[in-house]
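Structure assessment
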Amino acid sequence: MHPLKSKNKIEMYAIVDIAGQQFKVAKDQKVYVHRLDAKTGTKVSFDQVLLLDDGGKVTVGAPAIANASVEAKVVKHLKDDKVIVFKKKRRKGYRVKNGHRQSLTEIVIESIGTSAKKKAAPAAKKETAKAAPKKAAAKPKADLSTKTVAELKAMAKEAGISGYTSLKKAELIAALSAK
C-alpha cells in the first residue's frame, strides 16, 4: 500500500526541500535524494518544510513553515543507474559518448512535525529588533555631517520636514538640527 494512503484515515504528509529538490514525504517512507554529507545510520533534520498536511489541516509556508521539521535516518549511500549522454553532429564526423551515474542517499522518514519551543525564540528576536530602531532614532543629532544625502533625506522624511527632496546637504543638516 502507498505510504500516503491508508484504509480509514488520512496520513500526515509534508512537502520538504531536501538537497535542492522538493519531495512529498510521509512517515516511514523511503526516499532517494542527492548525496548528503551524513554517515550511514545517522539522523538528519530538514527544516525547509514548504507544506504540511495533518489529516486535512493544511499549512502552507511563505516560503517555509517556521517551526516545522522532518526527521529522517540515512539508510545507505548508493549510485543510480547509468545514463548515457551521446552527442553527434551529422555529416561532420563528431560523436561523443559519455556516461553518468548520480550519487544518491537512501533515507527513511521517521517523523514530521512542528515544535512549540522554537515559536518563542522568533518572537523575542522581533521584540529586540523593534526596540533597536527606537534607540537609533532617539540620537539622530549626533554628527549629521558624516551622513550621506540619502540618509539625511530619510531622517528628514521621518522628522516630517516638508520639501526635503529638493534640499542640498547643508540645508538638510540645518533643517534637521533646527527640529
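Refer to the structure printed above.
Computed from a predicted model, the values in this text were never measured in an experiment.

1. Re the sheet that holds strand S5 (residues 49–54)
Within a sheet, each strand pairs with its neighbour through backbone hydrogen bonds, oriented either parallel or antiparallel. Pairing within the open sheet is antiparallel, and its four strands lie in the order S2-S1-S5-S6. The outermost strands of the open sheet, each flanked by one partner alone, are strand S2 (21–26) and strand S6 (57–60). Across this sheet, the average inter-strand angle for adjacent strands is 20°, counted without regard to direction. In terms of strand pairing, S5 meets S6 through four bridges, oriented antiparallel. Directly across from Asp 53, in S6, lies its bridge partner Val 58.

2. Overview of the pairing of strand S4 (residues 43–46)
Of the two faces of S4, the one lined by Val 44 and Phe 46 is fully buried and the one lined by Lys 43 and Ser 45 carries no buried residue. Pairing between S4 and strand S7 (residues 68–79): four bridges, direction antiparallel. Counterpart to Phe 46 in the pairing with S7 is Val 70.

3. What about the sheet that holds strand S3 (residues 30–34)?
In spatial order, the strands read S3-S10-S7-S4; together these four strands make up an open sheet with antiparallel pairing. Each edge of the open sheet carries a strand with a single partner, namely S3 and S4. Neighbour-to-neighbour, the strand axes of the sheet open up by a mean angle of 40°, direction not taken into account.

4. Brief notes about the pattern of salt bridges
Under the counting rule described, the total for this entry stands at four salt bridges. Ionic pairing is found between Asp 28 and Lys 27, a salt bridge with its closest N-O pair at 3.7 Å. Judged by its relative accessible area of 56%, Asp 28 falls in the exposed class. With a shortest N-O distance of 3.3 Å, Lys 43 and Glu 110 are connected by a salt bridge. In this pair, Lys 43 sits in strand S4 while Glu 110 sits in strand S10 (residues 103–114), placing the two residues 67 residues apart along the sequence. When its relative accessible area of 26% is taken as the criterion, Glu 110 is described as partly exposed. If you follow the salt bridges from partner to partner, you end up with Lys 30, Lys 76 and Glu 106 in one network.

5. Some words on helix H2 (residues 149–159)
Those residues of H2 that fall on the buried side of the exposure criterion are Leu 152, Met 155 and Ala 156. Seen end-on, H2 carries its buried residues on one side only, within an arc spanning 100°. Away from its buried face by more than 90 degrees, H2 exposes Ala 150, Lys 157 and Glu 158. Of the surrounding elements, those touching the buried residues of H2 are helix H3 (169–178). Positioned one or two residues after H2, Gly 160 has a phi angle of 85°, which is positive.

6. Description of the side chain of Ser 69
Within the fold, Ser 69 resides in strand S7. Given the relative accessible area of 15%, Ser 69 is considered buried. Within the structure, Ser 69 has its side chain in polar contact with the side chain of Glu 71 (distance 3.5 Å). Contacts of Ser 69, omitting those with residues within four sequence positions, involve Ser 45, Phe 46, Asp 47, Val 49, Ser 111, Ile 112 and Gly 113.

7. Comments concerning the nonpolar core
In terms of nonpolar packing, the biggest core is built from 21 residues, with Ile 18, Val 25, Phe 46, Val 70, Ile 107 and Ile 109 touching the most fellow members. Taken together, the elements giving at least two residues each to this core come down to strand S1 (13–18), S2, S3, S4, S5, S7 and S10. Ranked by the residues each element gives to this core, the list is headed by S7, at four residues. If near-sequence neighbours (up to four positions away) are discounted, Ile 107 is found in contact with Ile 18, Gln 29, Lys 30, Val 31, Val 33, Leu 36, Phe 46, Ala 72, Lys 73, Val 74 and Val 75. With eight residues, the next largest nonpolar core counts Met 155, Ala 156, Tyr 164 and Leu 176 among its residues.

The rules behind each value
Residues numbered from 1 in each chain as written. Predicted model: local features only at pLDDT ≥ 70, side-chain atom pairs only at ≥ 80, totals over all residues. Heavy atoms only, no water. Pairing = 2+ DSSP bridges. Helix = DSSP H or I, 4+ residues; strand = E, 2+ residues; numbered from the N terminus. Axes fitted to C-alpha atoms, helices over the stretch in contact; angles between N-to-C directions. Buried < 20%, exposed > 50% of the residue type's maximum accessible area, 1.4 Å probe, protein only. Salt bridge = Lys/Arg side-chain N within 4 Å of Asp/Glu carboxyl O. Arc of directions from axis to C-beta. Contact = heavy atoms within 4.5 Å. Polar contact = N/O pair within 3.5 Å; in protein donor to acceptor, adjacent residues only side chain to side chain. Core = buried A, V, L, I, M, F, W, Y, C linked by side-chain atoms within 4.5 Å.

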